[in-house]
Amino acid sequence: MTSWLCLSPQISLTIIAPATLLILLFYYILDKDRIKPYALLEKYNKLKTADSECSDDYLTKEHFGHLSWGEKCTGACQILPLMIALCSAYIAQYITIHAVFTTIAFEDAPFAPRDHFVYYVLVNGIGEFLFRSYLSAIAWFKPVLIPRFVVKHTWIFSLLLLAFMSLSVCASYYRIFDSVWSVLLICFIIGSLSGFVFANTVCAVPLVVEPKYREFCLGLVTIGESAGVLIASLAGLAVEPILRKHCSHIANKTALCYTRPTTNKWSASTCSIKG
């Protein structure tokens, strides 16, 4: 039974990894005529009614046409503050959760030091899921309220996330928290703020750019998230070892300084079971 538990993650990854290539296959067989500019324009003309709130020049052939490099640069400049705020938010989130809190564990917690990271990520993910979806919940009840709830100044919440990151670094370095529940609460707040920034960034783009730039800018703005994750990953390679080394000098138990298994093998926690 134990051998099967140890092999199952490898078997799952062996099956799932090639399945990602199906995305390329599905794109190849996709009926692309339905998403061509002329098809979209024809569909719009069929749906447009006399009492439509859309102006006649809102969607035209120029609207569906390709943007020039100059127009793309103009659209990118309009959403640059949103992209920077989104990037900063995810830098703060990923450094805090994946590089700082991985060095904070508590002996009196209801779970083992090695399992702290699992709960940190879980609580953070719950907060991010809830606040990424809150605008969808509002739209489900009353869509006309969406513009009133969209926050354009997302940089304010990005600054809050950076403040929490600074607090977490101090907490790891000086061991200022005495309970795991304090860390879990901060994980939830960080996840909520990052989800809030993402949701409002995406919804704010159509409100700050001209109609012809919307499609391009909606695709471009998400680069802020990817860039933030990448930067945080590289920064975490330096931050985590420094905090972990400092913790090992002041903590009574080394196990309290690292919340992940020390082995690089798959399914380490499962394969460590004997019998």
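See above for the structure.
Definitions and cut-offs
Starting afresh in each chain, residues are numbered from 1 along the sequence in its written order. In keeping with the predicted nature of the model, local features appear solely for residues at pLDDT of at least 70, side-chain atom pairs appear and are counted solely at 80 or more, and the whole-chain, interface and lining totals rest on all residues. Derived side-chain values reflect all non-hydrogen atoms in the structure, with water molecules and hydrogen atoms excluded from consideration. Between Lys or Arg on one side and Asp or Glu on the other, a salt bridge is scored when a side-chain nitrogen of the former is within 4 Å of a carboxyl oxygen of the latter. Secondary structure elements follow DSSP: runs of H or I no shorter than four residues count as helices, runs of E no shorter than two count as strands, and numbering proceeds from the N terminus. Whether a residue is buried, partly exposed or exposed follows from its accessible area with a 1.4 Å probe, protein chains only, as a fraction of its type maximum: under 20%, in between, or over 50%, in that order.

Where charged atoms of side chains with opposite charge meet at close range, the side chains can pair. Under the defined criterion, the tally for this structure stands at three salt bridges. With a closest N to O distance of 3.2 Å, K212 and E71 form a salt bridge. With K212 in the loop between α10 (180-208) and α11 (214-221) and E71 in helix α5 (residues 69-100), this residue pair connects regions lying 141 residues apart in the sequence. Residue class for K212 comes out partly exposed when judged on its relative accessible area of 32%. Taking relative accessible area as the criterion, E71 reaches 24% and is therefore assigned partly exposed. Residue R132 pairs with E128 through a salt bridge whose shortest N-O separation is 3.4 Å. Taken together, the residues R132 and E128, both in helix α6 (residues 116-132) and four residues apart, mark about one turn of the helix. The buried category is assigned to E128, whose relative accessible area is 14%. When salt bridges with common partners are traced through the structure, they connect E128, R132 and E225 into a single cluster.

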